[in-house]
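Examination of the molecular architecture
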Amino acid sequence: TPSTSATINIDNIFTSTYRSYQIVFRYTASTATPLYLRMRAAGATLTDNLYSNNLYNSNGATTPAGSARSDSYAIFPAGYATYPTNVILNIYSPQATDYTSVTMQAQWPISATDNAIGLWGLSNKVTTSIDGLQITSASSPTITMTYYVYGFRNS
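The following refers to the structure shown.

Quick notes on the rules
Residues numbered from 1 in each chain as written. Predicted model: local features only at pLDDT ≥ 70, side-chain atom pairs only at ≥ 80, totals over all residues. Heavy atoms only, no water. Pairing = 2+ DSSP bridges. Helix = DSSP H or I, 4+ residues; strand = E, 2+ residues; numbered from the N terminus. Axes fitted to C-alpha atoms, helices over the stretch in contact; angles between N-to-C directions. Core = buried A, V, L, I, M, F, W, Y, C linked by side-chain atoms within 4.5 Å. Buried < 20%, exposed > 50% of the residue type's maximum accessible area, 1.4 Å probe, protein only. Contact = heavy atoms within 4.5 Å. Polar contact = N/O pair within 3.5 Å; in protein donor to acceptor, adjacent residues only side chain to side chain. 1 Å grid on protein atoms, 1.4 Å probe; cavity = no way out; pocket = protein on both sides within 12 Å on 5 of 7 lines; lining within 4 Å. Points joined across faces, edges and corners; volume = space filled by probe spheres on them. Nonpolar A, V, L, I, M, F, W, Y, C, P; charged D, E, K, R; others polar.

What follows covers the sheet that holds strand β8 (residues 85–92). Taken together, 7 strands build an open sheet; the order of strands is β6-β5-β10-β9-β8-β2-β12 and the sheet is antiparallel. A strand with exactly one partner marks an edge of an open sheet, and here the two such strands are β6 (65–71) and β12 (143–153). Strand after strand, the sheet turns through a mean of 15° between neighbouring axes, direction not considered. Examined bridge by bridge, β8 and strand β9 (residues 101–111) share 7 bridges and lie antiparallel to one another. Bridge assignment links Tyr-92 to a residue of β9, and that residue is Ser-101.

What follows is the structure, given as structure tokens:
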């Protein structure tokens, strides 16, 4: 459980022991805020170009909505003050000098009467070995988070 912060760095979690990983997140933010995911290597945040997109729907929305980015800030499920966001992130080939890809699914209660679900995908457009991630609000809202990292055994 990292300390509450606007930016949470999760370093040294990917090794050559496993080819792919799953990370389970649960978090809130000090105020409703969009969040972003960035790749890290050797304790430094990478500024490589990431392509990311999302698709989500909520109980209160009549049609699914989505967005996309193509910079070093990949879309990550938003954080809310009262209700926790729950995310399952799968990351493929982070330690290989290869194109790292990520898929995510999330669920979060927006309010007492509105629940949302979403799907996210992103890929790194350079062949960089990744050993960590950064979750950031890219501004002043803080994030309080717990996470668990699972490695998928190579066979």
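The next subject is unusual backbone geometry. The backbone of Asn-12 shows a phi angle near 55°, a positive value even though the residue is not glycine. Counting through the fold element by element, Asn-12 comes out in the loop between β1 (7–10) and β2 (18–29).

In terms of nonpolar packing, the biggest core is built from 34 residues, with Phe-25, Phe-76, Leu-89 and Ile-135 touching the most fellow members. Apart from residues no more than four positions distant in its own chain, Phe-25 is found in contact with Ile-10, Phe-76, Thr-85, Asn-86, Val-87, Leu-89, Ile-135, Met-145, Thr-146 and Tyr-147.

You can see Asn-115 is positioned in strand β10 (residues 114–124). Take Asn-115: its relative accessible area is 34%, and that puts it in the partly exposed class. When the C-alpha atoms of Asn-115 and Asn-59 are compared, they prove to be 5.4 Å apart, with 56 residues separating the residues in sequence. A distance of 2.7 Å separates polar atoms of two side chains, one belonging to Asn-115 and the other to Gln-107.

Right, let's talk about the layout of surface pockets for a bit. For the largest pocket, the calculated volume is near 190 Å³. Forming the boundary of the largest pocket are 16 residues, of which Asn-54, Tyr-56, Ile-75, Phe-76 and Ala-78 lie nearest the centre. If you list the elements that add at least two residues to the lining of the largest pocket, you get β3 (33–41), β5 (50–58), β6, β7 (74–79), β9 and β10. It is β7 that provides the largest number of residues to the lining of the largest pocket, a total of 4 residues. Its residues assigned to classes, the lining of the largest pocket comprises 13 nonpolar, 2 polar and 1 charged.

Shape is all these values report; function is a separate question.
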